[in-house]
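Tertiary structure, described
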Amino acid sequence: MILVTGATGNVGGHVLALLVASGHDVRALSRSPQAAAWPAEVGVVAGDLADPAALAAALAGVESVFLFAVPGSGPAFVAAAQRAGIRRVVLLSSGAVDDEAEVQDGPIAAYHAEIEQALRGSGLAWTFLRPDVFAANTLMWAGQTKAGDVIRGAYAEAASAPVHEADIAAVAVAALTEDGHSGQVYRLTGPESLTHAEQAAILGRALGRPIRYEELPAETVSQEMSAHVPAPILDDILATWAAAVGRTAPTTADVEKLTGRPARSYHDWAHDHAAAF
Ligand SMILES: NC(=O)c1ccc[n+]([C@@H]2O[C@H](COP(=O)([O-])OP(=O)(O)OC[C@H]3O[C@@H](n4cnc5c(N)ncnc54)[C@H](OP(=O)(O)O)[C@@H]3O)[C@@H](O)[C@H]2O)c1
């Protein structure tokens, strides 16, 4: 039995679907199971990773877990997993984690690194997935593309190698279902470095109309985003974008190595999600 946490999310939803399609025994965890539609083959349990000590029922009979990273949950999750006899954990971590840093740069890297640390010392077989920026982050542009052909945002020239959530999920499924991934850290990227402005132009091509990115001052964007994003996380995101201006984002071959096919491009992603824009 494989337990999928974050199963209503971008990545976990694909993990669940891929595991069901390949005939695995799957259970899903959600804080609000009644709020989502589930495949008939999936057993669904209510539970909160912020309180892993209460997850005994969710973990009973489970061999492997796809783990969503909830801040501060690492040690208690490890204890619950050890009690339940879990063998394997595949963590959706973050490309922000820096193995060389004594102190992680910002809260996003820090809380993922803490959970990694708890798993490293656990005796469980672990695999860490460290994705670059999700292509799905650009869903935040959908309101603007529905209203017009201009996306206004911060740092037009900030570069990343945006990764398709389905590729992260395919790697997760390989790590959950095949041997040989224990103790491995996979840095998952899309196939190319793209700036925000380049992503907007590609999105436009996928939608069949010209779309351009207009840069706003970071302070303006910060004020707008502060309605939805907690201050420390927002500062971290803006600092990451500022540092990414003028750089080429590194790409890796890990998606292809684990899935046997090249990472999907941002154009592929935009095509897959065109209806949202
Ligand atoms: N966005 C990026 O660019 C990026 C880059 C690298 C890494 N990441 C990491 O990837 C993760 C986001 O993945 P995603 O986009 O697939 O997620 P998402 O779409 O934001 O969905 C969040 C999922 O996590 C579950 N969840 C949240 N808090 C929970 C809790 N306390 N207990 C149990 N489940 C909880 C939610 O389930 P319910 O609501 O059903 O309980 C939902 O399924 C984050 O850890 C993020 O740091 C993101």
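Residues numbered from 1 in each chain as written. Predicted model: local features only at pLDDT ≥ 70, side-chain atom pairs only at ≥ 80, totals over all residues. Heavy atoms only, no water.

This part takes up the UniProt feature "domain: NAD(P)-binding" (unreviewed entry) in the chain. The UniProt record annotates "domain: NAD(P)-binding" (unreviewed entry) at residues 6–178. Helix makes up 35% of residues 6–178 and strand 18%. Its end C-alpha atoms lie 21 Å apart. (UniProt positions renumbered as here; feature names shortened; annotations may be inferred. Helix = DSSP H or I, 4+ residues; strand = E, 2+ residues; numbered from the N terminus.)

On to the packing of helix α4 (residues 107–120) against helix α9 (residues 231–243), then. Relative orientation of the contacting elements α4 and α9 amounts to 110°, with a least axis distance of 8 Å. Here α4 is positioned roughly perpendicular relative to α9, judged by the angle of their axes. Residues Pro107, Ile108 and Ala109 of α4 lie in contact with α9, whose contacting residues are Pro232, Ile233, Asp236 and Ile237. Looking at the contact of α4 with α9 residue by residue, the classes come out as 6 nonpolar, no polar and 1 charged. (Axes fitted to C-alpha atoms, helices over the stretch in contact; angles between N-to-C directions. Parallel < 35°, antiparallel > 145°, perpendicular 65-115°, else oblique. Contact = heavy atoms within 4.5 Å. Nonpolar A, V, L, I, M, F, W, Y, C, P; charged D, E, K, R; others polar.)

The next thing to look at is the sheet that holds strand β3 (residues 43–46). The strands that make up a sheet pair up through hydrogen bonds in the backbone, lying either parallel or antiparallel. Read across the sheet, 7 strands follow the order β3-β2-β1-β4-β5-β6-β9 without closing on themselves; strand pairing throughout is parallel. Because the sheet does not close on itself, it has two edges, and the strands there are β3 and β9 (184–188). Averaged over all pairs of adjacent strands, the angle between their axes in this sheet comes to 20°, without regard to strand direction. Bridge count for strand β5 (residues 88–92) against strand β6 (residues 125–131) is 5 bridges, and the pairing is parallel. Along β6, the bridge assignment pairs Leu91 with Phe128. Relative to β6, α4 is tilted by about 160°, and along the sheet it contacts β4 (64–68), β5, β6 and β9. Together, β1 (2–4), β4, β5, β6 and β9 form the strand contacts of helix α6 (residues 165–177), whose direction differs from that of β5 by roughly 165°. (Pairing = 2+ DSSP bridges.)

Turning our attention to the packing of aromatic side chains. Taken as a whole and assessed by the stated rule, the structure comprises 4 aromatic pairs. Judged by centre distance (4.1 Å) and plane angle (15°), the ring pair of Trp126 and Phe128 falls under stacked. For the pair Trp126 and Phe128, a shared accessibility class is recorded, and that class is buried. An aromatic cluster is built from Tyr266, Trp269 and Phe277, whose rings are joined through pairwise contacts. (Phe/Tyr/Trp six-rings, centres within 6.5 Å; stacked < 30°, edge-to-face > 60°. Buried < 20%, exposed > 50% of the residue type's maximum accessible area, 1.4 Å probe, protein only.)

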